[in-house]
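Okay, here's what each chain looks like letter by letter:
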Amino acid sequence: MATPHNAEINRKAKEDRFQGHDYYNIDELLNEDHLLARDAVRTWVKQEVSPIIEDYANRAECPTHLFKGLAEIGAFGPSLPAEYGGGGMDEIAYGVIMQELERGDSGIRSMASVQGSLVMYPIYRFGSEEQKRKYLPKLGAGEFIGCFGLTEPDHGSNPSGMVTHVRDDGDAYILNGAKMWITNSPVADIAVVWARDEEGKIRGMIVEKDFKGFSAPEIHGKWSLRASITGELVFEDVRVPKANVLPEVASMRGPLSCLSKARYGIAWGAIGAAMDCYDSALRYSLERTQFGKPIGQFQLTQKKLAEMITEITKAQLLAWRLGTLANQGKATPGQISMAKRNNVNMALEIAREARQIHGGMGITNEYPIMRHMMNLETVLTYEGTHDIHLLITGHDVTGLDAFK
Ligand code: TGC
Ligand code: FAD
């Protein structure tokens, strides 16, 4: 039975009392625009996400009403030009926005990552002017929802092996195949789909939801990313007008460039989830008493907290430096892989330690810990698994490919 003091702590748990953590004064490296964007998104998450997220995750339901709000706060394509529906900001602003969204929930960050980096970005980078004008403003405003189809049932880590294909049919392509694990697909108006053409080249195309032969059934039964909707994409002789094919790329460079953009955002996002777990654990350790003392006074709790803030600080510095390189157009895919892998793993480790600090309460939805921990299991796998990113780094430093 909890003492009155401890019962009060648990009653207050559902209030979002989050405070950012900045042990190395990294805010001094951010400019006014970054700080304004960060604070605006932090406030929005406290008002719109925190009060509802545990219930949506519990019901395994996506809060699709938040798409509009995400658009209003500029979460879709923050670093894409404003004339094409983006935010016109820099890469660090994009990063801090993802950090604050994932502080709320990885699934909310996913809604923004997919729309901005995996749907708007390929249309912006590889699309025709007509495609940009037709789709980007609506995507940026949240009037259209998009999804990105690369992974297939038999080709996850190795998307180059894809079997989804198109055949030429005059002014259109006929698309056949299936994609698996596609974020937002059941609610999407358009899908950016990657398929092999008759010459074996990888082509990107925009498939609209009402094209005949196209369906997007939902995948049920996820214990992770429960507030995000995931589905398949099934193509049975879908006629895709050639006007919907992205003209500026015909290789794996197309989808992999989009992944670089999204992985960059995840490297920042994971810091948000880690900070939320640390913040909750720190507060709990000061409020919860056992053996007549706050548990934060025990050395073993301090070891956990000290290691958490050290790892968060290292991840913040990695993300900031990566953002600086990205602003100069110099961030390499290898550097992005290193940051995605390190920061997501760091967040997952912190979630596990924070769960221990919360004791039994840590397994309940009174606190955000288990939700972040379960979410991070997906984040560790999507956008390239933890081990694939290690192999990318291994390839980068040795020049030797260990994938095949
Ligand atoms: P490889 O031969 O190495 O490269 C093919 C071409 O692509 C270029 N390239 C990149 N360009 C930009 N960014 C990158 N990260 C790039 N990586 C490679 C490369 O230079 C080459 O260009 P070119 O012009 O010479 O043709 O390609 P590979 O087929 O051997 O692939 C290697 C490997 C294993 C690293 C790659 O396939 C990979 O990254 N696998 C992991 C798959 C993955 O990450 N899937 C993610 C699916 S989307 C998703 O999970 C969304 S979750 C969204 C959410 O909800 O937030
Ligand atoms: P596999 O590739 O089968 O890997 C299984 C295991 O084998 C992993 O541990 C992996 O590291 C290991 N492995 C594979 N190859 C090697 C190797 N060469 N060497 C050593 N180990 C190896 N995809 C999209 O296209 N769009 C989306 O919007 C999207 N959203 C997603 C949302 C969720 C919730 C999830 C879970 C996934 C999503 N994905 C999406 C798919 C995601 O990118 C893949 O799950 C991921 O790339 C891994 O593929 P896989 O699941 O097929 O695992």
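For every chain, the first residue of its written sequence is number 1, and the numbers climb from 1 along that sequence. Numbering of ligands from 1 and lettering of chains from A proceed in the order in which they are written. In keeping with the model being predicted, local features are shown solely for residues with a pLDDT of at least 70 and side-chain atom pairs are shown and tallied solely at 80 or more, while totals for entire chains, interfaces and linings include all residues. Calculated side-chain values reflect all of the structure's heavy atoms, with hydrogen atoms and water omitted.

**Let's talk about the pairing of strand E7 (residues 230–241)**
Next up, step 1: When DSSP finds two or more bridges between two strands, those strands count as paired. Numbered from the N terminus, helices here are DSSP runs of H or I no shorter than four residues, and strands are runs of E no shorter than two. Two elements, strand E3 (residues 172–183) and E7, share 9 bridges in a ladder whose sense is antiparallel. Bridge assignment links Ala172 to a residue of E7, and that residue is Pro241.
Next up, step 2: With 2 bridges joining them, strand E6 (residues 214–215) and E7 adopt antiparallel strand pairing. Counted as the bridge partner of Ser215 is Val234 from E7.

**Describing the side chain of Asp276**
Next up, step 1: Relative to the helices and strands, Asp276 is located in helix H7 (residues 253–287).
Next up, step 2: Relative accessible area decides the class of each residue, using a 1.4 Å probe on protein chains only: under 20% of the type maximum gives buried, over 50% gives exposed, and in between gives partly exposed. Note on Asp276: relative accessible area 7%, which makes it buried.
Next up, step 3: In the analysis that follows, any N or O atom pair within 3.5 Å is treated as a polar contact, provided that within protein one partner can donate a hydrogen and the other can accept it, and provided that, for residues neighboring in sequence, both atoms belong to side chains. Within polar-contact distance, the side chain of Asp276 engages the side chain of Arg103 at 3.1 Å.
Next up, step 4: Beyond its immediate chain neighbours, meaning those up to four positions away, Asp276 contacts Phe18, Arg103, Pro368 and His372. The contact rule is simple, with two residues in contact once any of their heavy atoms fall within 4.5 Å.

**A closer look at the site of ligand 1**
Next up, step 1: Throughout, the term near means that a residue has one or more heavy atoms lying within 4 Å of the molecule or strand in question. Near ligand 1 there are 28 residues, and of these Ser110, Ser160, Ser260, Arg263 and Gly384 occur at the shortest range.
Next up, step 2: Glu383 has a polar backbone atom sitting 2.8 Å from an oxygen atom of ligand 1.
Next up, step 3: At 3.5 Å from an oxygen atom of ligand 1 is found a side-chain nitrogen or oxygen belonging to Lys404.
Next up, step 4: When ligand 1 sits alone it has 1100 Å² of accessible area, and the protein chains cover 73% of it.
Next up, step 5: At the level of elements, helix H5 (106–126), H7 and helix H11 (386–398) are the ones that each hand at least two residues to the shell around ligand 1. Only the protein chains shown count as cover for residues, with accessible areas throughout obtained via the Shrake-Rupley method and a probe of 1.4 Å.

**Looking at the domain arrangement of the chain**
Next up, step 1: For every domain, the bounds stem from an assignment made automatically or drawn from a database. Domain parsing of the chain yields domain 1 (4–16 + 253–398), domain 2 (26–140) and domain 3 (146–244).
Next up, step 2: Each of domain 1 and domain 2 has a C-alpha centre, and these two points are 19 Å apart.
Next up, step 3: Taken together, the contacts link 37 residues of domain 1 with 32 residues of domain 2.
Next up, step 4: When domain 1 packs against domain 2, close to 2900 Å² is buried across both sides, 58% of that on carbon and sulfur atoms.
Next up, step 5: Area buried by domain 1 at its contact with domain 2 is led by Asp16, Lys261 and Arg371, which between them contribute 23% of it.
Next up, step 6: Counted as salt bridges are all cases of a side-chain nitrogen of Lys or Arg within 4 Å of a carboxyl oxygen of Asp or Glu. At the surface where domain 1 touches domain 2, the tally comes to 5 salt bridges.
Next up, step 7: Put simply, domain 1 and domain 2 have 17 residue pairs in polar contact (both at pLDDT 80 or more) between them.
Next up, step 8: Mapped onto the side of domain 1 that touches domain 2, the elements with two or more residues apiece are H7, helix H8 (299–327) and helix H10 (369–381). Note: buried area is the sum, over both parts, of the accessible area (probe 1.4 Å) each one loses when the two are combined.

**Observations concerning the side chain of Arg109**
Next up, step 1: Residue placement: Arg109 occurs in helix H5.
Next up, step 2: Residue classification places Arg109 among the buried positions, given a relative accessible area of 1%.
Next up, step 3: The residues contacting Arg109, other than those within four sequence positions of it, are Met98, Leu101, Glu102, Ile266, Val379 and Tyr382.

**Some points on the pattern of salt bridges**
Next up, step 1: This structure, assessed with the given rule, holds 26 salt bridges.
Next up, step 2: A salt bridge links Arg59 to Glu61; its shortest N-O distance comes to 2.9 Å.
Next up, step 3: Looking at Arg59, the relative accessible area reads 46%, which means it is partly exposed.
Next up, step 4: Taking the shortest distance from any N to any O, the salt bridge between Lys134 and Glu208 comes out at 3.3 Å. With a gap of 74 residues between them, Lys134 in helix H6 (residues 129–140) and Glu208 in strand E5 (residues 202–208) connect regions that are remote in the sequence.
Next up, step 5: Judged by relative accessible area, Lys134 falls into the partly exposed class, the value being 46%.

**What to know about the nonpolar core**
Grouped burial of nonpolar side chains is what soluble globular proteins tend to show.
Next up, step 1: The term nonpolar core refers to a set of buried residues drawn from Ala, Val, Leu, Ile, Met, Phe, Trp, Tyr and Cys, joined through side-chain atoms within 4.5 Å. Core analysis: the largest hydrophobic core is formed by 93 residues, its most contacted members being Leu101, Ile108, Ile123 and Trp194.
Next up, step 2: Considering each element in turn, this core owes the most residues, 16 residues, to H7.
Next up, step 3: One finds Tyr173, Leu233, Val240 and Val245 within the second-largest nonpolar core, a separate group that totals 18 residues.

**Digging into the packing of H7 against helix H9 (residues 333–357)**
Next up, step 1: Note on method: axes are straight lines fitted to C-alpha atoms, helices fitted across the in-contact stretch only, with angles between N-to-C directions ranging 0 to 180 degrees. At a closest axis distance of 8 Å, the pairing of H7 and H9 adopts a crossing angle of 20°. What the angle tells us is that H7 and H9 run roughly parallel. Where H7 crosses over H9, the two elements pack in a sense that is left-handed.
Next up, step 2: Think of it as three bins: nonpolar holds Ala, Val, Leu, Ile, Met, Phe, Trp, Tyr, Cys and Pro, charged holds Asp, Glu, Lys and Arg, and polar takes everything else, Gly as well. Its residues assigned to classes, the contact of H7 with H9 comprises 20 nonpolar, 4 polar and 2 charged. Should an angle lie under 35 degrees it is considered roughly parallel, over 145 roughly antiparallel, and from 65 to 115 roughly perpendicular; all remaining angles are considered oblique. If you view the pair so one helix is near and one far, a crossing is left-handed when the near helix is turned anticlockwise from the far one by less than a right angle, and right-handed when it is turned clockwise.

**With respect to the site of ligand 2**
Next up, step 1: Near ligand 2 lie 17 residues; those nearest to it are Thr151, Ser157, Trp181, Thr183 and Thr385.
Next up, step 2: A distance of 3.0 Å separates an oxygen atom of ligand 2 from a polar backbone atom of Leu150.
Next up, step 3: Of all the secondary structure elements, the ones that give two or more residues to the shell around ligand 2 are E3, H10 and H11.
Next up, step 4: Ranked by residues supplied to the shell around ligand 2, first place goes to E3 with 3 residues.

**Notes on the environment of Pro217**
Next up, step 1: Inspection of the secondary structure puts Pro217 in the loop between E6 and E7.
Next up, step 2: Judged by its relative accessible area of 34%, Pro217 falls in the partly exposed class.
Next up, step 3: Spatially, the C-alpha atoms of Pro217 and Leu233 are 7.1 Å apart, while their sequence positions differ by 16 residues.

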